[in-house]
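# Observations on the three-dimensional arrangement
The lines below spell out each chain.
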Amino acid sequence: MRGTKIHIKNMCCPRCINAMRTILESMRLTVVEIHLGGATIAESLGNKETELLSEKLKEQGFELLDDPDACIVEAIRVAVLQWVRMTEDRPKLSAYVSGKICKDYSSLSKLFSQVKGMTIEHYAIRHRIEYAKELLCYSVTSISEIAYHLGYSSPAHFAAQFKQFTGMSPKAFRKLDNRSRVSLDEL
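Residues numbered from 1 in each chain as written. Predicted model: local features only at pLDDT ≥ 70, side-chain atom pairs only at ≥ 80, totals over all residues. Heavy atoms only, no water.

The next thing to look at is the overall build of the protein chain. Scanning the protein chain for helices and strands turns up nine helices and four strands. What you see in the protein chain, going N to C, is helices and strands ordered as β-α-β-β-α-β-α-α-α-α-α-α-α. Per-residue burial over the protein chain gives 40% buried out of 187 residues. Restricting the contact set of the protein chain to residue pairs at least 6 apart, pairs at least 24 apart contribute 60%. A total accessible area of about 10,600 Å² is found for the protein chain, and carbon and sulfur atoms account for 49% of it. Measuring between centres, the 26 positive side-chain charges of the protein chain sit 6 Å from its 22 negative side-chain charges. (Helix = DSSP H or I, 4+ residues; strand = E, 2+ residues; numbered from the N terminus. Buried < 20%, exposed > 50% of the residue type's maximum accessible area, 1.4 Å probe, protein only. Contact = heavy atoms within 4.5 Å. Areas by Shrake-Rupley, 256 points an atom, 1.4 Å probe, with all protein chains shown as cover. Lys, Arg positive; Asp, Glu negative; His and termini not counted. Charge placed at Lys NZ, Arg CZ, Asp CG, Glu CD.)

Structural data, given as structure tokens:
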């Protein structure tokens, strides 16, 4: 079955997927597939339906994307998020992103840098640090285990990068009462 692909900005977790499903079903649209960054529906949307969907998405903090470059940048963002959260052996970031999007990494990197004002690598590091903060806040996992879970070559490399981005060590961050975190859709 062929469907209409919908590209959505700011989907970053399973709750976003559930919210998207609810929006589509409330419009009586047939969901073929939903994933981070978008969905496929069975129906074709006219201008009126597209406007309504856009409004409903905005109410939930999402954005309907129709610009091809914006769709690619969102696909890169989603690929980075998936790469950071991998639990198995991580391939090189460049190989993973270009494989997910089926485009040459150098052109993806150039586009991403133009739109986001930072490299894909820098963006991935920011996501790794935010994920590390989450693990430090909500788990009893050791700092060494977190470092290896995030794909760092050593706990020392992880601690140095964490300190570079946050101004404190992972251990000091874990001890804080008021730990600041950035929402993933704000990265």
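Bringing a negative patch on the surface into the picture now. Together, Glu-63, Asp-66, Asp-67 and Asp-69 make up a negatively charged patch on the protein surface. One can find Asp-67 in the loop between β4 (63–65) and α3 (68–84). (Patch = residues over 30% accessible without salt bridge, like charges linked within 9 Å, V, L, I, M, F, W, Y side chains within 5 Å. Salt bridge = Lys/Arg side-chain N within 4 Å of Asp/Glu carboxyl O.)

As for its placement among the helices and strands, Arg-90 is situated in the loop between α3 and α4 (93–101). Of the side chains bearing the opposite charge, Asp-89 lies closest to the buried Arg-90, which forms no salt bridge; the N-O distance is 7.8 Å. A polar contact is formed between the side chain of Arg-90 and the backbone oxygen of Trp-83, at a distance of 2.9 Å. Looking at Arg-90, its side chain comes within polar contact range of the main-chain oxygen of Leu-150, at 3.2 Å. The contact partners of Arg-90, leaving out residues within four places of it in the chain, are Trp-83, Val-84, Arg-85, His-149, Leu-150 and Gly-151. (Polar contact = N/O pair within 3.5 Å; in protein donor to acceptor, adjacent residues only side chain to side chain.)

Let us now look at the nonpolar core. One finds Ile-76, Val-80, Val-97, Leu-150 and Phe-158 to be the most contacted residues of the largest nonpolar core, which totals 34 residues. Met-11, Cys-16, Leu-29 and Leu-53 belong to the second-largest nonpolar core, a separate cluster that totals 21 residues. (Core = buried A, V, L, I, M, F, W, Y, C linked by side-chain atoms within 4.5 Å.)

Time to look at unusual backbone geometry. Despite not being glycine, Arg-28 shows a phi value in the positive range, around 60°. Here Arg-28 is to be found in the loop between α1 (14–26) and β2 (31–35). The exposed category is assigned to Arg-28, whose relative accessible area is 77%.

What follows concerns helix α2 (residues 47–59). Between its first and last C-alpha, α2 extends 19 Å over 13 residues, near the 18 Å set by a 1.5 Å rise per residue. Buried within α2 we find Leu-53, Ser-54 and Leu-57. On an axial view of α2, the arc spanned by its buried residues comes to 100°, and they lie on one face. Seen from the open side of α2, the exposed residues pointing more than 90 degrees away from its buried face are Lys-48, Glu-51 and Glu-59. Taken together, the buried residues of α2 touch β1 (4–9), α1 and β4. Once α2 finishes, Gly-61 follows within two positions and takes phi at roughly 90°, a positive value. (Expected span 1.5 Å × (residues − 1). Arc of directions from axis to C-beta.)

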